[in-house]
Amino acid sequence: MLSRLTIGRICWELAAQCKSWTGLVAYNRPAGARHSRPFTTDASNVRHLTQNNLDHFLQSYDTFMLDCDGTLYGTDHVTEIPNVPEAIYKLRTIGKHLLFVTNNSMHSNERYVNKFKEVGFEANESDIFGVANAAAVYLRHIAKVEGKVYVVGGQGMKQELDKYRLESFGAGPDPDQASWDPKQLLQMEFRDNVQAVLVGFDEHFHYNKIFKALSYLRDPKCLYVATNVVETAVKIGSGRVQPTTGALIQAISVPAKREPLVVGKPGTLLLDCIRHKHPDIDLSRTVFIGDGLRSDIAFANNIGVDSVLVLTGSGALDKIDGPDVKPTYVMDSFELFSKI
Ligand SMILES: [Mg+2]
(Lines give C-alpha, C1' and ligand atoms only; values in the text may rest on other atoms or scores of the structure.)
Protein backbone atom coordinates (compact mmCIF):
# COMPACT_ATOMS: atom_id res chain seq x y z
CA MET A 1 0.00 0.00 0.00
CA LEU A 2 1.16 3.54 -0.67
CA SER A 3 1.58 5.63 2.44
CA ARG A 4 -0.88 8.40 3.16
CA LEU A 5 1.97 10.90 2.76
CA THR A 6 2.84 9.53 -0.66
CA ILE A 7 -0.77 9.57 -1.80
CA GLY A 8 -1.10 13.13 -0.55
CA ARG A 9 1.94 14.18 -2.53
CA ILE A 10 0.64 12.44 -5.64
CA CYS A 11 -2.69 14.21 -5.30
CA TRP A 12 -0.86 17.53 -4.87
CA GLU A 13 1.10 16.89 -8.03
CA LEU A 14 -1.90 15.73 -10.00
CA ALA A 15 -3.81 18.81 -8.92
CA ALA A 16 -0.89 20.92 -10.10
CA GLN A 17 -0.67 19.10 -13.39
CA CYS A 18 -4.30 18.72 -14.32
CA LYS A 19 -6.93 21.31 -15.07
CA SER A 20 -9.26 18.73 -13.60
CA TRP A 21 -9.36 14.97 -13.22
CA THR A 22 -10.77 14.80 -16.69
CA GLY A 23 -9.00 17.86 -18.00
CA LEU A 24 -5.82 18.53 -19.88
CA VAL A 25 -2.68 17.00 -18.44
CA ALA A 26 0.30 19.35 -18.42
CA TYR A 27 3.34 17.15 -18.78
CA ASN A 28 5.88 19.46 -17.20
CA ARG A 29 5.79 21.04 -13.81
CA PRO A 30 4.59 24.61 -13.57
CA ALA A 31 7.35 27.22 -13.49
CA GLY A 32 8.80 27.47 -10.01
CA ALA A 33 7.54 24.09 -8.90
CA ARG A 34 9.77 21.75 -6.95
CA HIS A 35 12.68 20.18 -8.82
CA SER A 36 12.36 22.58 -11.76
CA ARG A 37 15.66 23.62 -13.25
CA PRO A 38 16.74 26.29 -15.70
CA PHE A 39 17.08 25.29 -19.34
CA THR A 40 18.90 26.63 -22.30
CA THR A 41 17.56 26.46 -25.82
CA ASP A 42 20.50 25.01 -27.65
CA ALA A 43 22.75 21.98 -27.48
CA SER A 44 26.02 23.93 -27.46
CA ASN A 45 26.77 23.35 -23.78
CA VAL A 46 25.56 19.76 -23.48
CA ARG A 47 28.53 17.70 -22.34
CA HIS A 48 29.55 14.74 -24.45
CA LEU A 49 30.14 11.73 -22.21
CA THR A 50 33.22 9.81 -23.32
CA GLN A 51 35.98 7.76 -21.75
CA ASN A 52 37.81 11.02 -21.01
CA ASN A 53 35.22 12.27 -18.50
CA LEU A 54 33.71 8.93 -17.50
CA ASP A 55 35.45 8.71 -14.10
CA HIS A 56 34.06 12.05 -12.94
CA PHE A 57 30.61 11.08 -14.19
CA LEU A 58 30.65 7.76 -12.35
CA GLN A 59 31.74 9.43 -9.11
CA SER A 60 28.75 11.76 -9.30
CA TYR A 61 25.90 9.23 -9.17
CA ASP A 62 24.84 6.16 -7.17
CA THR A 63 21.48 5.38 -8.80
CA PHE A 64 21.13 4.92 -12.54
CA MET A 65 17.57 5.02 -13.91
CA LEU A 66 17.64 3.37 -17.31
CA ASP A 67 15.19 3.57 -20.18
CA CYS A 68 14.96 0.29 -22.10
CA ASP A 69 13.80 0.58 -25.76
CA GLY A 70 16.48 2.40 -27.75
CA THR A 71 18.84 2.42 -24.77
CA LEU A 72 19.50 -1.21 -23.78
CA TYR A 73 18.21 -2.70 -27.04
CA GLY A 74 16.88 -1.33 -30.31
CA THR A 75 13.51 0.39 -30.56
CA ASP A 76 12.43 -2.59 -32.66
CA HIS A 77 13.21 -4.90 -29.68
CA VAL A 78 15.35 -6.97 -32.01
CA THR A 79 18.40 -4.92 -32.86
CA GLU A 80 21.19 -5.53 -30.39
CA ILE A 81 23.11 -2.66 -28.86
CA PRO A 82 26.68 -3.92 -28.43
CA ASN A 83 28.06 -4.89 -25.03
CA VAL A 84 25.02 -3.91 -22.97
CA PRO A 85 25.30 -6.96 -20.65
CA GLU A 86 28.95 -6.12 -20.01
CA ALA A 87 28.02 -2.49 -19.31
CA ILE A 88 25.33 -3.55 -16.83
CA TYR A 89 27.80 -5.90 -15.13
CA LYS A 90 30.49 -3.22 -14.87
CA LEU A 91 28.12 -0.64 -13.38
CA ARG A 92 26.95 -3.12 -10.76
CA THR A 93 30.52 -4.15 -10.01
CA ILE A 94 31.34 -0.59 -8.96
CA GLY A 95 28.24 -0.45 -6.77
CA LYS A 96 25.71 1.37 -8.90
CA HIS A 97 22.02 0.68 -8.26
CA LEU A 98 20.25 0.17 -11.59
CA LEU A 99 16.53 0.79 -12.05
CA PHE A 100 14.71 0.08 -15.30
CA VAL A 101 12.05 2.68 -16.15
CA THR A 102 10.15 2.15 -19.38
CA ASN A 103 7.13 3.64 -21.15
CA ASN A 104 6.58 0.43 -23.07
CA SER A 105 3.17 -0.84 -21.95
CA MET A 106 3.27 -4.15 -23.80
CA HIS A 107 4.88 -6.14 -21.04
CA SER A 108 4.25 -6.93 -17.41
CA ASN A 109 7.17 -6.48 -15.03
CA GLU A 110 7.53 -10.29 -14.93
CA ARG A 111 7.92 -10.33 -18.70
CA TYR A 112 10.68 -7.74 -18.45
CA VAL A 113 12.64 -10.05 -16.15
CA ASN A 114 12.63 -12.63 -18.95
CA LYS A 115 13.20 -10.04 -21.67
CA PHE A 116 16.36 -8.86 -19.93
CA LYS A 117 17.58 -12.47 -19.64
CA GLU A 118 17.17 -12.77 -23.41
CA VAL A 119 19.28 -9.65 -23.85
CA GLY A 120 21.92 -11.11 -21.53
CA PHE A 121 21.53 -9.63 -18.04
CA GLU A 122 19.35 -10.11 -15.00
CA ALA A 123 17.21 -7.76 -12.93
CA ASN A 124 14.97 -8.09 -9.90
CA GLU A 125 11.32 -7.33 -10.51
CA SER A 126 11.49 -4.76 -7.68
CA ASP A 127 13.93 -2.73 -9.81
CA ILE A 128 11.64 -2.67 -12.89
CA PHE A 129 9.10 0.09 -13.43
CA GLY A 130 6.98 -0.48 -16.52
CA VAL A 131 3.97 1.68 -17.26
CA ALA A 132 1.59 -1.31 -17.32
CA ASN A 133 2.53 -1.94 -13.69
CA ALA A 134 2.36 1.76 -12.84
CA ALA A 135 -1.14 2.04 -14.33
CA ALA A 136 -2.33 -0.85 -12.15
CA VAL A 137 -0.75 0.73 -9.05
CA TYR A 138 -2.47 4.00 -9.87
CA LEU A 139 -5.91 2.46 -10.45
CA ARG A 140 -5.76 0.26 -7.33
CA HIS A 141 -3.99 2.40 -4.76
CA ILE A 142 -4.63 5.99 -5.80
CA ALA A 143 -7.86 6.10 -7.81
CA LYS A 144 -9.15 3.17 -5.70
CA VAL A 145 -11.15 1.73 -8.56
CA GLU A 146 -13.56 -0.95 -7.34
CA GLY A 147 -15.43 -1.59 -10.59
CA LYS A 148 -14.38 -2.86 -13.99
CA VAL A 149 -11.57 -1.50 -16.19
CA TYR A 150 -12.01 -1.49 -19.97
CA VAL A 151 -8.55 -2.13 -21.42
CA VAL A 152 -7.39 -1.01 -24.83
CA GLY A 153 -4.11 -2.83 -24.68
CA GLY A 154 -2.44 -6.21 -24.49
CA GLN A 155 -2.02 -9.13 -22.14
CA GLY A 156 0.85 -7.48 -20.25
CA MET A 157 -1.52 -4.78 -19.06
CA LYS A 158 -4.15 -7.35 -18.11
CA GLN A 159 -1.58 -9.35 -16.13
CA GLU A 160 -0.64 -6.30 -14.10
CA LEU A 161 -4.32 -5.46 -13.44
CA ASP A 162 -4.91 -9.07 -12.36
CA LYS A 163 -1.96 -8.83 -9.98
CA TYR A 164 -3.65 -5.90 -8.24
CA ARG A 165 -7.05 -7.67 -8.21
CA LEU A 166 -8.63 -5.28 -10.69
CA GLU A 167 -11.38 -6.77 -12.86
CA SER A 168 -10.68 -5.94 -16.48
CA PHE A 169 -11.83 -6.84 -19.97
CA GLY A 170 -11.00 -5.83 -23.54
CA ALA A 171 -7.32 -6.86 -23.76
CA GLY A 172 -6.47 -8.62 -27.01
CA PRO A 173 -8.66 -8.82 -30.15
CA ASP A 174 -12.13 -7.30 -29.90
CA PRO A 175 -14.71 -10.10 -29.76
CA ASP A 176 -17.32 -8.38 -31.97
CA GLN A 177 -17.37 -8.39 -35.74
CA ALA A 178 -16.26 -5.16 -37.38
CA SER A 179 -19.11 -2.98 -38.53
CA TRP A 180 -19.94 0.58 -39.50
CA ASP A 181 -23.67 -0.07 -39.16
CA PRO A 182 -25.21 1.67 -36.11
CA LYS A 183 -27.73 -1.18 -35.75
CA GLN A 184 -24.90 -3.69 -35.36
CA LEU A 185 -22.85 -1.35 -33.20
CA LEU A 186 -25.81 -1.07 -30.82
CA GLN A 187 -25.95 -4.85 -30.50
CA MET A 188 -22.40 -5.08 -29.19
CA GLU A 189 -21.97 -6.06 -25.56
CA PHE A 190 -21.46 -3.31 -23.00
CA ARG A 191 -20.76 -4.06 -19.35
CA ASP A 192 -22.04 -2.33 -16.25
CA ASN A 193 -19.97 -0.58 -13.59
CA VAL A 194 -17.02 0.31 -15.82
CA GLN A 195 -15.08 2.80 -13.71
CA ALA A 196 -12.04 3.31 -15.91
CA VAL A 197 -10.83 3.10 -19.50
CA LEU A 198 -7.11 2.28 -19.65
CA VAL A 199 -5.29 2.73 -22.95
CA GLY A 200 -1.79 1.54 -23.82
CA PHE A 201 -0.12 -0.06 -26.80
CA ASP A 202 -2.49 -2.41 -28.59
CA GLU A 203 -1.60 -4.23 -31.80
CA HIS A 204 -5.29 -5.24 -31.98
CA PHE A 205 -6.44 -1.62 -31.96
CA HIS A 206 -9.77 -1.55 -33.78
CA TYR A 207 -12.74 0.64 -34.76
CA ASN A 208 -14.90 -1.35 -32.32
CA LYS A 209 -12.53 -0.49 -29.48
CA ILE A 210 -12.75 3.23 -30.24
CA PHE A 211 -16.56 2.92 -30.25
CA LYS A 212 -16.56 1.13 -26.90
CA ALA A 213 -14.02 3.43 -25.26
CA LEU A 214 -15.90 6.54 -26.39
CA SER A 215 -19.15 5.11 -25.10
CA TYR A 216 -17.74 4.31 -21.65
CA LEU A 217 -16.08 7.73 -21.50
CA ARG A 218 -19.42 9.44 -22.05
CA ASP A 219 -19.84 8.88 -18.32
CA PRO A 220 -17.84 11.71 -16.71
CA LYS A 221 -17.27 9.53 -13.63
CA CYS A 222 -15.46 6.94 -15.77
CA LEU A 223 -11.70 7.60 -15.41
CA TYR A 224 -9.61 7.95 -18.56
CA VAL A 225 -6.06 6.72 -17.97
CA ALA A 226 -3.23 6.24 -20.47
CA THR A 227 0.16 4.64 -20.12
CA ASN A 228 2.10 7.15 -22.24
CA VAL A 229 1.35 9.76 -24.88
CA VAL A 230 4.54 11.40 -26.13
CA GLU A 231 5.57 8.44 -28.28
CA THR A 232 3.37 8.66 -31.37
CA ALA A 233 5.43 7.02 -34.13
CA VAL A 234 8.83 5.54 -34.80
CA LYS A 235 10.71 5.09 -38.06
CA ILE A 236 11.41 1.39 -38.51
CA GLY A 237 12.92 1.30 -41.98
CA SER A 238 13.27 3.15 -45.24
CA GLY A 239 9.92 4.82 -45.85
CA ARG A 240 8.25 2.90 -43.01
CA VAL A 241 6.85 4.54 -39.89
CA GLN A 242 5.21 2.52 -37.10
CA PRO A 243 2.43 4.18 -35.06
CA THR A 244 2.92 3.81 -31.32
CA THR A 245 0.84 4.30 -28.19
CA GLY A 246 0.39 8.07 -28.40
CA ALA A 247 -1.23 7.71 -31.81
CA LEU A 248 -3.79 5.23 -30.48
CA ILE A 249 -4.61 7.45 -27.53
CA GLN A 250 -5.18 10.42 -29.83
CA ALA A 251 -7.69 8.36 -31.81
CA ILE A 252 -9.76 8.07 -28.62
CA SER A 253 -9.02 11.44 -27.01
CA VAL A 254 -10.02 13.52 -30.02
CA PRO A 255 -13.58 12.16 -30.48
CA ALA A 256 -14.02 11.73 -26.69
CA LYS A 257 -13.05 15.38 -26.16
CA ARG A 258 -11.15 14.22 -23.06
CA GLU A 259 -7.48 14.02 -22.18
CA PRO A 260 -6.21 11.08 -20.14
CA LEU A 261 -4.33 11.00 -16.90
CA VAL A 262 -0.92 9.78 -18.03
CA VAL A 263 1.06 7.48 -15.75
CA GLY A 264 4.21 7.21 -17.89
CA LYS A 265 7.17 9.46 -18.56
CA PRO A 266 7.48 12.46 -18.58
CA GLY A 267 4.83 12.66 -15.85
CA THR A 268 6.08 12.25 -12.32
CA LEU A 269 3.75 9.47 -11.17
CA LEU A 270 6.46 6.94 -12.00
CA LEU A 271 8.77 8.56 -9.46
CA ASP A 272 6.20 7.89 -6.76
CA CYS A 273 6.02 4.25 -7.83
CA ILE A 274 9.82 4.07 -7.67
CA ARG A 275 9.94 5.70 -4.24
CA HIS A 276 7.23 3.38 -2.99
CA LYS A 277 9.68 0.49 -3.51
CA HIS A 278 12.93 2.42 -2.98
CA PRO A 279 12.18 5.21 -0.48
CA ASP A 280 15.86 5.97 0.21
CA ILE A 281 16.79 7.11 -3.30
CA ASP A 282 18.81 10.33 -3.24
CA LEU A 283 17.79 12.29 -6.31
CA SER A 284 20.92 14.45 -6.06
CA ARG A 285 22.93 11.25 -6.68
CA THR A 286 20.65 9.92 -9.44
CA VAL A 287 20.99 10.11 -13.21
CA PHE A 288 18.49 9.09 -15.90
CA ILE A 289 19.77 7.59 -19.15
CA GLY A 290 17.47 7.29 -22.16
CA ASP A 291 16.98 7.95 -25.86
CA GLY A 292 13.76 9.98 -25.72
CA LEU A 293 13.90 13.75 -25.37
CA ARG A 294 10.19 14.25 -24.73
CA SER A 295 9.90 11.22 -22.48
CA ASP A 296 13.21 10.36 -20.77
CA ILE A 297 14.97 13.71 -20.63
CA ALA A 298 11.76 15.60 -19.84
CA PHE A 299 11.07 13.07 -17.05
CA ALA A 300 14.55 13.64 -15.63
CA ASN A 301 13.99 17.39 -15.74
CA ASN A 302 10.58 17.04 -14.11
CA ILE A 303 11.87 14.99 -11.17
CA GLY A 304 15.02 17.09 -10.84
CA VAL A 305 17.79 14.66 -11.75
CA ASP A 306 20.64 14.87 -14.23
CA SER A 307 20.23 13.05 -17.52
CA VAL A 308 22.05 11.47 -20.42
CA LEU A 309 20.58 11.38 -23.92
CA VAL A 310 21.83 8.24 -25.63
CA LEU A 311 21.91 8.38 -29.41
CA THR A 312 21.15 4.74 -30.22
CA GLY A 313 17.38 5.22 -30.33
CA SER A 314 14.90 7.94 -31.16
CA GLY A 315 16.93 10.81 -29.70
CA ALA A 316 19.25 12.94 -31.75
CA LEU A 317 21.47 15.84 -30.85
CA ASP A 318 20.01 18.10 -33.52
CA LYS A 319 16.57 17.71 -31.91
CA ILE A 320 17.67 19.51 -28.75
CA ASP A 321 15.90 22.63 -29.79
CA GLY A 322 13.24 23.32 -27.18
CA PRO A 323 13.43 25.01 -23.80
CA ASP A 324 12.41 21.92 -21.86
CA VAL A 325 14.38 19.07 -23.34
CA LYS A 326 18.02 19.76 -22.66
CA PRO A 327 19.94 16.81 -21.23
CA THR A 328 22.96 17.17 -18.96
CA TYR A 329 25.05 14.84 -21.15
CA VAL A 330 24.90 13.12 -24.52
CA MET A 331 26.52 9.72 -25.10
CA ASP A 332 26.85 7.71 -28.28
CA SER A 333 25.88 4.36 -26.80
CA PHE A 334 25.30 2.62 -23.47
CA GLU A 335 28.23 0.49 -24.58
CA LEU A 336 30.53 3.14 -23.11
CA PHE A 337 30.00 1.69 -19.62
CA SER A 338 31.44 -1.65 -20.74
CA LYS A 339 34.81 0.17 -20.92
CA ILE A 340 34.90 1.04 -17.21
MG1 LIG B 1 13.44 4.66 -25.29
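Residues numbered from 1 in each chain as written. Predicted model: local features only at pLDDT ≥ 70, side-chain atom pairs only at ≥ 80, totals over all residues. Heavy atoms only, no water.

The name given to the protein chain in an unreviewed UniProt entry is Phosphoglycolate phosphatase, and the organism recorded there is Mizuhopecten yessoensis.

Asks: Just to check I follow, could you spell out helix H11 (residues 293–303) for this structure?
Replies: Every α-helical turn comprises 3.6 residues, leaving residues that sit three or four positions apart pointing alike. Of all the 11 residues making up H11, 10 are buried; the element is thus mostly covered by neighbouring parts of the structure. Among all positions of H11, only Leu-293, Ser-295, Asp-296, Ile-297, Ala-298, Phe-299, Ala-300, Asn-301, Asn-302 and Ile-303 are buried. At the exit of H11 stands Gly-304, carrying a positive phi of roughly 80 degrees. (Buried < 20%, exposed > 50% of the residue type's maximum accessible area, 1.4 Å probe, protein only. Helix = DSSP H or I, 4+ residues; strand = E, 2+ residues; numbered from the N terminus.)

Asks: What is the right way to look at the pattern of salt bridges in this model?
Replies: Side chains that differ in charge, positive against negative, can pair when their charged atoms come close. In this structure the tally under the stated criterion is 12 salt bridges. When the shortest N-O distance is used, the salt bridge between Arg-285 and Asp-62 registers 2.9 Å. A residue pair is termed long-range when its members are at least 10 positions apart, and Arg-285 in the loop between helix H10 (269–277) and strand E12 (286–290) and Asp-62 in the loop between helix H2 (54–60) and strand E2 (63–66) qualify at 223 residues. A relative accessible area of 36% places Asp-62 in the partly exposed class. The closest approach of N and O atoms between Asp-219 and Lys-221, which form a salt bridge, is 3.9 Å. Judged by its relative accessible area of 68%, Lys-221 falls in the exposed class. Via salt bridges that share partners, Asp-67, Lys-265 and Asp-296 belong to a single interconnected network. (Salt bridge = Lys/Arg side-chain N within 4 Å of Asp/Glu carboxyl O.)

Asks: What is the right way to read the UniProt feature "binding site: Mg(2+)" (unreviewed entry) in the protein chain from this model?
Replies: With numbering matched to this structure, UniProt assigns "binding site: Mg(2+)" (unreviewed entry) to Asp-67, Asp-69 and Asp-291. Taken along the chain, the residues just named run across 225 residues; in space they keep tight, none of their C-alpha pairs more than 8.0 Å apart. Narrowing the list just given to those that line the largest pocket leaves Asp-67, Asp-69 and Asp-291. Under the relative-accessibility criterion, Asp-67 is labelled buried at 5%. (UniProt positions renumbered as here; feature names shortened; annotations may be inferred. 1 Å grid on protein atoms, 1.4 Å probe; cavity = no way out; pocket = protein on both sides within 12 Å on 5 of 7 lines; lining within 4 Å.)

Asks: Sorry, what's going on with the packing of aromatic side chains here?
Replies: Aromatic ring pairs are reported here in terms of the distance separating the ring centres and the angle at which the planes meet. Under the defined criterion, the tally for this structure stands at 16 aromatic pairs. Between Phe-334 and Phe-337 the ring centres are 5.1 Å apart and the planes differ by 70 degrees, which places this aromatic pair in the edge-to-face class. Side by side, Phe-334 and Phe-337 carry an identical accessibility label, which is buried. One aromatic cluster in this structure is built from Phe-57, Tyr-61, Phe-64, Tyr-329, Phe-334 and Phe-337. (Phe/Tyr/Trp six-rings, centres within 6.5 Å; stacked < 30°, edge-to-face > 60°.)

Asks: What's the story with the nonpolar core in this structure? I'm lost.
Replies: If you look at soluble globular proteins, the nonpolar side chains tend to sit buried side by side. Met-65, Tyr-138, Leu-139, Val-149, Leu-161, Leu-198 and Val-263 are the most contacted members of the largest nonpolar core, which has 37 residues in total. Elements that contribute at least two residues to this core include exactly strand E3 (97–102), helix H5 (131–142), strand E5 (148–152), helix H6 (155–163), strand E7 (194–199), H10 and H11. The leading source of residues in this core is H5, at 9 residues. When we break this core down by domain, the ones giving at least three residues each are domain 1 (47–103 + 267–338) and domain 2 (145–262). Each residue touching Leu-139, except ones within four places of it in the same chain, is listed here: Lys-144, Val-145, Val-149, Leu-161, Leu-166, Ala-196, Leu-198, Leu-223 and Val-225. Listed in part, the 32 residues of the second largest apolar core include Ile-81, Leu-98, Phe-121 and Phe-334. (Core = buried A, V, L, I, M, F, W, Y, C linked by side-chain atoms within 4.5 Å. Domains from an automatic or database assignment. Contact = heavy atoms within 4.5 Å.)

Asks: How should I be thinking about the sheet that holds strand E1 (residues 47–48) in this particular structure?
Replies: Backbone hydrogen bonds hold the strands of a sheet together, and the pairing may be parallel or antiparallel. The parallel open sheet is built from 7 strands, whose spatial order is E1-E14-E13-E12-E2-E3-E4. Of all strands in the sheet, those with a lone pairing partner are E1 and strand E4 (128–130), marking the two edges. In the sheet, E2 pairs with E12 via 4 bridges, with the strands oriented parallel. Within the sheet, the bridge partner assigned to Thr-63 lies in E12 and is Thr-286. Its contacts with the sheet put H5 on E3 and E4, and the angle it makes with E4 is roughly 80 degrees. (Pairing = 2+ DSSP bridges. Axes fitted to C-alpha atoms, helices over the stretch in contact; angles between N-to-C directions.)

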